[in-house]
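Chain and residue survey
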Amino acid sequence: MRIVNRCLWMGILLSLLIACGRGEADKTQQKQIAIIVSTLNNPWFVFLAETAREEAESRGYVARIFDSQNNTSLESDHFENAVALGYDAILLNATDSDGSVANARKAMEAGIPVFCMDRELNNPDAATSQIVSDSYSGCVELGGLFVRSLGQKGKYVELLGLVGDNNTWNRSKGFHYVVDHFPEIKMVAQQSADFDRNKAMEVLESILQAHPDVDAVFCGNDAMAMGAYQALVAAGKDKQIQVFGFDGSEDAVGSIQSGGLAATVMQFPQKIAETAVAFSGEYFEGKTSFPQKTLVDVELVTPANVSIYSSYGKE
Amino acid sequence: MVKNDKDIQPQKRKALKYGLIGLIAFFLIYHSFDVVPLDSRRHDDDEEDVAQRADAYFLQSLPEVLANAPEPCTLLAALSQKDQDWASYGKQTNIGNRYYFLIRGEGSVQEIQDSYVQVAFGEGEQVCSLRVATVYIFGNEIRDASGKLALEDVGELTKFNAISERLNKRVREEIIPEFLGKVQVGQKIRFAGAFALNRRLGVTDDFEVMPVQLQIVD
């Protein structure tokens, strides 16, 4: 009888332990993360969003991706939905450094933490934390390579990204900080191509009409670099004019391998996404204080070292 | 006939008096205010803050850490070992593979190139040769290698970057010209500097060290 009693008690205790454990698991699984991305038209952002979702799901959270289509109004709708649907955290890849501040604030005011990925907001209080690539430093390094490649002398074109995005200016500033120290290197045209491949091709074709003698093109992202390179191939000038990009996209890495682009700067969206999800997890566990800005290193990819890199810095 | 004050009517005299007082008051008030756009005021404040932080770092914090920096060849030998923990020798500012290091020692000038000076360090079995940059001094090596200046302390990223720019400018404009004006192959130099390496790439042959102190010994 005593043995039966002991077995019964043991059974009850075990059931209680299992029930408690399941309760914890359920609690974790209930956490929902909204991943609001500026656009899913650019493969770089697709990779960022997908990686964030996979990382969130691997930690037992429910994650859903929202595409803002580079439209702050649509982004605003996503934020309203995320708040109404009771999401526990938002990972934001902002559409506009200024225009997205109000959207992020809606969530923050509703008590939902916002972790920015890659694109920063111009108000540090608008997000719980911002995890961004060190674009400025990456372009300082790229600027050094650019000057050396040109032998400290030549003419170049700069294709800027979206003018409302801080990344556009951080990259441009880092690049100019170095290149502008060399008086014999002259910028003959600077124009925005909105981070878009087709637009970059059109813009460069038109610039080449007025400045056929340029030596290099610096582009704020790889999509534009690929568009610019396409324009140069069409004009038969791809061997004379060097093209420099930024991102480390699949196309760009392949192009450097085959002797196309001169260099790019590799970003690591995987690290950005993983850090953002890890911060969300820490928030769920009770942490409330996060660094305003966390920088992620970028690395220069050239024909000399391209063999050790895969697209988007996948590891 | 000459007109004098007595010919002016009292009412006109009063108006003239108050007019003159008003003009003088307006002149004094106008010149006691300095009207500047808020943006430019903030910009000036930021520049001053950057200058103060950069100067304090370069003249106080950095030399304190540099005093205990390792000899170049010893450090490079340690970093070249497989599975060596770079974090125990260098500093990291960001998430990633880039580490910043400080070194100091005495070496002899081997070559003077357009953008760097090749310097040999060490004796006996432990010898090494490094490129000391003389042109491309633009990165974050000097700011980040000591670990004494962090983004959280400075607040804004633009200011943090501006500190790096100011430190580099100081080296480019104050240290390099004087050194290049005197240096010759074969001379012995006392050197302290900072460099960055990517853990993924390991210790490469062509990295350049950013000088912080350069002194010709003989």
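Above this text sits the structure in question.
In short, a report on the structure. (Residues numbered from 1 in each chain as written. Chains lettered and ligands numbered in written order. Predicted model: local features only at pLDDT ≥ 70, side-chain atom pairs only at ≥ 80, totals over all residues. Heavy atoms only, no water.)

Residues and elements named next belong to chain A. In the Ramachandran plot, Asp 194 falls in the positive-phi region, its phi being about 55 degrees despite a non-glycine side chain. Its location among the elements puts Asp 194 in the loop between β7 (185–192) and α7 (197–210). Look at Asp 194 and you get partly exposed, because its relative accessible area is 29%. One non-glycine residue with positive phi stands out, namely Asp 247, at about 145 degrees. Positionally, Asp 247 belongs in the loop between β9 (242–244) and α9 (250–257). (Helix = DSSP H or I, 4+ residues; strand = E, 2+ residues; numbered from the N terminus. Buried < 20%, exposed > 50% of the residue type's maximum accessible area, 1.4 Å probe, protein only.)

So, on to the interface of chain A and chain B. Listed per partner, the contact involves 27 residues of chain A and 23 residues of chain B. Carbon and sulfur atoms supply 51% of the area buried between chain A and chain B, which totals about 2,300 Å² over both sides. Of all residues in chain A, Tyr 177, Leu 295 and Asp 297 of chain A bury the most surface against chain B, accounting for 26% of the area lost on that side. Connecting chain A to chain B are 3 salt bridges. Put simply, Arg 200 of chain B and Glu 299 of chain A hold a salt bridge, and the shortest N to O gap is 2.8 Å. For the interface between chain A and chain B, the tally reads 16 residue pairs in polar contact (both at pLDDT 80 or more). Secondary structure elements with two or more residues in the side of chain A that touches chain B: α5 (135–149), α6 (166–179), α10 (269–284) and β11 (293–296) of chain A. A breakdown of the residues in the side of chain A that touches chain B according to their chemical character gives 12 nonpolar, 7 polar and 8 charged. (Contact = heavy atoms within 4.5 Å. Buried area = accessible area lost by both parts, 1.4 Å probe. Salt bridge = Lys/Arg side-chain N within 4 Å of Asp/Glu carboxyl O. Polar contact = N/O pair within 3.5 Å; in protein donor to acceptor, adjacent residues only side chain to side chain. Nonpolar A, V, L, I, M, F, W, Y, C, P; charged D, E, K, R; others polar.)

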